[in-house]
Amino acid sequence: MADNGDGYKVVAENRQARFEYDILETFEAGIELVGTEVKSVRAGKANLRDGFALIRNGEVWLHNVHISPHDTASQYFNHDPRRTRKLLMHRQEIRKLIGKVEQQGLTLVPLKMYLKRGWVKISLALARGKKLHDKREDLKQKQAKREMQRAMKR
């Protein structure tokens, strides 16, 4: 018999987020999905690139995350690829986020979507947007580190 899915499988990752934002804190949240969305996520057909989260009425909502329609399901039963999805978090975490987002002007950005023990989870980051000069500085540091590694190898 197959194992019960105790593993951890990354389905989608937002690599651009680490370049565009300074990551201050990360949170794990469940995500409310319909059946065809779960099938598409398990097949790895999710894109987090333009995604962000908003807090409305004490609930966290995920916007602009694209989950492709499932191939074998009919059009009638399939989902809207860019629909707004509810994130499942504890009240204490949401209260903490509300304070930081409203007072400090921070953003909630999805970093990765993964399967954990059969459940679809999303890693959400509390982030501050980088300026252009910060991005250039990061690239310079990355290149310098790469050059040092090459020199050490020789």
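Definitions and limits used
- Residues numbered from 1 in each chain as written.
- Predicted model: local features only at pLDDT ≥ 70, side-chain atom pairs only at ≥ 80, totals over all residues.
- Heavy atoms only, no water.
- UniProt positions renumbered as here; feature names shortened; annotations may be inferred.
- Salt bridge = Lys/Arg side-chain N within 4 Å of Asp/Glu carboxyl O.
- Helix = DSSP H or I, 4+ residues; strand = E, 2+ residues; numbered from the N terminus.
- Buried < 20%, exposed > 50% of the residue type's maximum accessible area, 1.4 Å probe, protein only.
- Contact = heavy atoms within 4.5 Å.
- Arc of directions from axis to C-beta.
- Core = buried A, V, L, I, M, F, W, Y, C linked by side-chain atoms within 4.5 Å.

As named in an unreviewed UniProt entry, the chain is SsrA-binding protein, taken from Thermoleptolyngbya oregonensis NK1-22. The heading Sequence similarities (unreviewed entry) in the UniProt record of the chain holds the text "Belongs to the SmpB family."

*Asks:* Go over the pattern of salt bridges with me, naming the residues and quoting the values.
*Replies:* Under the defined criterion, the tally for this structure stands at 9 salt bridges. Between Lys135 and Glu20 there is a salt bridge, and its shortest N-O distance comes to 3.0 Å. Highlighted residues: Lys135 in helix H4 (residues 132-153) and Glu20 in helix H1 (residues 15-20), separated in sequence by 115 residues. On the basis of relative accessibility, which here comes to 28%, the residue Glu20 falls in the partly exposed class. One salt bridge connects Lys86 with Glu59, and the closest N-O pair in it is separated by 3.1 Å. You can see Lys86 sitting in strand E7 (residues 85-88) and its partner Glu59 sitting in strand E5 (residues 59-63), a full 27 residues away along the chain.

*Asks:* Any chance you could break down the side chain of Lys135 for me, citing the residues and the numbers?
*Replies:* Under the relative-accessibility criterion, Lys135 is labelled buried at 16%. Discounting residues that sit within four places of it in the chain, Lys135 has contacts with Phe19, Glu20 and Lys130.

*Asks:* Account for helix H2 (residues 35-42), naming residues and giving values.
*Replies:* Turning to H2, its buried residues are Thr36, Glu37, Ser40 and Val41. Down the axis, H2 shows its buried residues gathered within 140° of arc, on one side only. Of the surrounding secondary structure, the elements contacted by the buried residues of H2 are strand E1 (8-13), strand E6 (66-67), E7, strand E8 (107-116) and strand E9 (119-129).

*Asks:* I'd like a description of the nonpolar core, backed by residues and values.
*Replies:* Formed by 26 residues in total, the largest nonpolar core has its most connected members in Leu87, Met89 and Met113. Not counting the four nearest positions on each side in its chain, Leu87 is found in contact with Ala29, Gly30, Ile31, Ala53, Val60, Leu62, Ile122 and Leu124. In terms of nonpolar packing, the next biggest core, distinct from the first, is built from 5 residues, Ala17, Leu111, Ala125 and Ala127 among them.

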